[in-house]
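# Commentary on secondary and tertiary structure
Residue strings, one per chain:
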Amino acid sequence: MFRLLLRRLRPVGGRPGLLSARSARSFSGCPPELSAAGIRSTFLDFFRQKHGHLLVPSSPVRPRGDPSLLFVNAGMNQFKPIFLGTVDPRSDMASYRRVVNSQKCVRAGGKHNDLEDVGRDVYHHTFFEMLGNWSFGDYFKEEACLMAWSLLTEHYGIPADRLYVSYFAGDAASGLTADEDTRQIWLDIGVPPSRLLPFGLKENFWEMGDSGPCGPCTEIHYDHVGGRDAASLVNADSPDVVEIWNLVFMQYNREVDNSLRLLPQFSVDTGMGLERLVSVLQGKRSNYDTDLFTPLIHDIHQRSRVGPYSGRMGAADHGKVDMAYRVVSDHIRTLSVCIADGVHPGMSGAELVLRRILRRAVRFCVEVLQAPQGALASLVPTVVHTLGNVYPELHREADRIMDVINENEDHFLSSLQQGSRLIHRTLNKMDYKHGVFPASVAWSLHRDLGFPLDLVDLILEEKGVQVDPQELDRLIAENHKVASGEQSGERSQVMLDILSLAELQRLAVPHTDDGLKYQYRLDQDRYIFPACRATVLALYDGQALVSEVTEGQRCGVILDQTCFYSEQGGQSHDCGYFTRDGQQDVPFPVEDVVLAGGYVVHQVTTADSLKTGDQVQLHLDQVHRLSCMVKHTATHILNFALRTVLGPSVQQRGSHVSADRLRFDFSVKRSLSISQLQQVEKCVNDIVSANQIVHSQELPLQRARSIRGLRTVDEVYPDPVRVVSVAVPVSELLDDNTDRETSVELCCGTHLLQTGAIEDLVIVSERQMVKGISRIIAVTGQDATRAREAVQVLSQDVDSLSARLTGSAPATIVSAQRLAKDVGILSDAVDNTPLPQWQRRELQGRLRALQRTSNTTVRKLETREAAGRAQALLEKNGRKDLVVDSVETDSLSIFCKLH
């Protein structure tokens, strides 16, 4: 078969890839008309038209139901269910045999993270396109190597004498032998032995992460110089000899315990970065000199007030201008692709990484390239022009991408200016002859202003200063410890004591006006929160009221008015900071907000001195506030849905709303059934999708209590009291002129103005805390979407395991025990992954049945082996009164059964 393939792929006039006079000539790339788009289409057409591959569109850069990844970082990510044998047999993917595509990839965060290298050299990127061809149980090593060599040397015209090939040399410690099959294939193709180089695990055994599909690989490297023996430069980090194509032979799966298991079928996974291939074929030493980037770099120059891009690096790049060109041109591609795929800059996970990328791009754009605000977003049409034909979602989402970038840039620039002033002020204030910047200032910038720590490092690097790394690590660890304590309910607060409250009243200090916390509005689906200036009326140092506090002191601050929500009614307090007039660049982070005797106490650790009478400007963390609003409104709707499904006997017994989830305790005789959980979720999401208006009105307590269907809890309410209703105005409910059942509660919390912002709600946990009281944990929005994606993946895993157990029975105890272990591992995943609770219970039921089946199989095999061993001992020793002998077995249970 292999010889037939050689003949079929062999070019007319000689063996493929043999060195010739033509290949000895200098290679300067393809003709100018072969653009990046042409190079991409040549790759796809070669496999699709000539070798029968199915063209599969790129998946989004947000992984589908794979919590181990922040972003899709390789072409094979979307095909992982095939490699693992867990693909849904009813899906199109189950029929894939030969596939080709160009996959959008992001490497920024996680194991594969190129963010810090982008801009410093001419080949690292956060976003790149991975050209790849795959075989799922079809062809393997021979045809993969032949097709790769044919495409490179015949269709792209790369001289064979510029190419070097590496293969896996084996690893004795892992029990892996050298890949001699691949070596022989390359020799038969015509690669000289001197250009065929063995390497170990690090270079030629590919793994996508700490666990997952893996296998030996063979790489094709290109020598930019040519006319020499460059074998010693392969895998030596030389910019002259670069890897262009990696062919991975997927044979194993790396388990969590680091062991290797054979995949259900052997497959081929190849990857060739388009950006590097284009640089080779267009005769460029820098990816940024190719037509993938030159239109962007041209447009960046048009918007900047610096000289044109000249490709300099390191010390030669004065002012880091060329680095800025590379950073901005790379990052705008990443931002455009990610936002088009639904990943927005945010506060955790992939969203947090994207926020760092955006802010890094903004700083280089504004501070180094001196481009005006809005310049970054104005580059989006250029990205759409270069990538939109192959990724059409960029065309559809172009306006939204620009809006998201502009909005985030506007927010960051104010924080950047404030943070930069504080850094330079701190540098001027103290003697830094030892080159150490206080970690407390850097951490405060990061925690309170969202100022990326890597940007702090970049600013300090220009001054020859660095943050004290040990102290910074200590502060980060301390922050995690505090966060853990808050989650467990342990909190240290500066609480006003009764004497201090009496002193405030004696001094006629008015109660805090916190009405601004409700005065927000919707403007084209965007929430606008009010600005707030205030006066410091009182300071509490933890023991007594004082007129002034010094830098670094922990205290409670009482203002005449505030826009911050103090923790009450089960809703977390607001986050943010305030600044003092005359020192707008010094943030006072608000660590806690509590209500005591009509006074809103803002707990802070002062960044500078503060005294009564000072004027301050409050800065609300709007993302945190909006997240709490989403969860609080969702809690009300959940309360209504539970009563609708379970009946009027359901009573609220407690709740807590935070930015990331909601908790709701209620009275019910037993845990909800799968059907009831489904009905409750449907009821909630019907109201969410209807985007109903949320109404609120302040009423005298007695009048509010007259509303039919009003939900209350056992607590003391203020009078007047705030009433919150969904869909039906409070005035109509008061007049009792409507028969509509709806959610209506007494509530002091902050709520959405329309329900659609919840997007989706998923109950991820429901269990009885004590008999008669159940607790629900629910998530919304993107967290809900991820939970639904995760359950699809785990359902496929259970289907696959069920098929293995119901197929041919295990022949040995070891194989039966392995199956039982796999059931246990999958059960742990189902138990601990955030999933829709009703689907979790379905999967748990199936897994319990599978566990019983696997355990029964193990016991039967053990019993059979024990009987056989006992019979053998009897036959061997006859009727001896005392038998001393040894028995070899894979199961200790055998000895018990022998006894």
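Throughout what follows, the structure given in this document is the object of discussion. (Residues numbered from 1 in each chain as written. Predicted model: local features only at pLDDT ≥ 70, side-chain atom pairs only at ≥ 80, totals over all residues. Heavy atoms only, no water.)

Here A757 shows up in the loop between β27 (744-746) and β28 (761-770). In this view, A757 contacts V630 and L752; residues no more than four positions away in its chain are not counted. (Helix = DSSP H or I, 4+ residues; strand = E, 2+ residues; numbered from the N terminus. Contact = heavy atoms within 4.5 Å.)

Here the focus is empty space enclosed by the protein. In this structure the tally under the stated criterion is one cavity of 30 Å³ or more. Size it by volume and the largest cavity reaches roughly 30 Å³. Taken together, I300, R303, S304, V328, C365, L369, A371, A375 and L379 form the lining of the largest cavity. Tallied by class, residues from the lining of the largest cavity come to seven nonpolar, one polar and one charged. (1 Å grid on protein atoms, 1.4 Å probe; cavity = no way out; pocket = protein on both sides within 12 Å on 5 of 7 lines; lining within 4 Å. Points joined across faces, edges and corners; volume = space filled by probe spheres on them. Nonpolar A, V, L, I, M, F, W, Y, C, P; charged D, E, K, R; others polar.)

We now examine unusual backbone geometry. The residue N235 is not glycine, and still its phi comes out positive at about 60°. Looking at where N235 falls in the secondary structure, it is placed in the loop between β7 (212-223) and β8 (241-254). Positive phi outside glycine occurs at A727, with the angle close to 75°. Tracing the chain through its elements places A727 in the loop between β26 (721-726) and α22 (730-735).

Between helix α11 (residues 349-368) and helix α14 (residues 398-429), the least distance of the axes is 10 Å, while the angle of their chain directions is 70°. Between α11 and α14, the angle falls in the class roughly perpendicular. The handedness of the crossing between α11 and α14 comes out as right-handed. In this structure, α11 uses L358, R359, V362, R363, V366 and E367 to contact α14, whose residues at the interface are I405, N408, E409, H411, F412, L413, L416 and S420. (Axes fitted to C-alpha atoms, helices over the stretch in contact; angles between N-to-C directions. Parallel < 35°, antiparallel > 145°, perpendicular 65-115°, else oblique. Left-handed = near helix turned anticlockwise from the far one by under 90°.)

Before going further, it helps to spend a moment on the nonpolar core. By size, the foremost hydrophobic cluster in this structure holds 144 residues, and its most contacted members are F43, I244, W245 and I405. The biggest single contributor to this core is helix α10 (residues 321-340), with 12 residues. Here F43 is in contact with V100, N101, L131, G132, N133, L151, Y156, W245 and M272, once residues within four sequence places are set aside. Membership of the second largest hydrophobic core comes to 47 residues, among which are F664, L733, L734 and V744. (Core = buried A, V, L, I, M, F, W, Y, C linked by side-chain atoms within 4.5 Å. Buried < 20%, exposed > 50% of the residue type's maximum accessible area, 1.4 Å probe, protein only.)

Attention now moves to the side chain of T780. Counting through the fold element by element, T780 comes out in strand β29 (residues 773-780). What makes T780 buried here is its relative accessible area of 5%. At 3.2 Å, the side chain of T780 forms a polar contact with the side chain of K631. In this structure T780 touches V630, K631, A634, I758, D760 and L761, once residues within four positions along its chain are discounted. (Polar contact = N/O pair within 3.5 Å; in protein donor to acceptor, adjacent residues only side chain to side chain.)

Moving on, we come to α10. Along its 20 residues, α10 runs 29 Å from first to last C-alpha, staying within 8% of the 28 Å computed at 1.5 Å per residue. Burial analysis of α10 places 20 of its 20 residues in the buried class, the great majority of the element. G342, located one to two residues past α10, shows a positive phi value of around 90°. (Expected span 1.5 Å × (residues − 1).)

What describes two packed helices is the angle between their axes and the distance between those same axes. Contact geometry of helix α9 (residues 294-303) with α10 gives a least axis separation of 10 Å together with a crossing angle of 115°. For the pair α9 and α10, the crossing hand works out as right-handed. Taking contact as the criterion, the partners of L296, I297, I300 and H301 in α9 are, on α10, Y325, V328, S329, I332 and R333. Classifying every residue of the contact of α9 with α10 gives six nonpolar, two polar and one charged.

Tallied over the full model, the rule gives zero disulfides. Between C532, a free cysteine, and C563, which holds the nearest cysteine sulfur, the sulfur-to-sulfur gap is 4.5 Å. C532 sits in the buried class, given a relative accessible area of 1%. (Disulfide = S-S within 2.5 Å.)

Interpretation note: all reported values are geometric properties and have no functional meaning in isolation.
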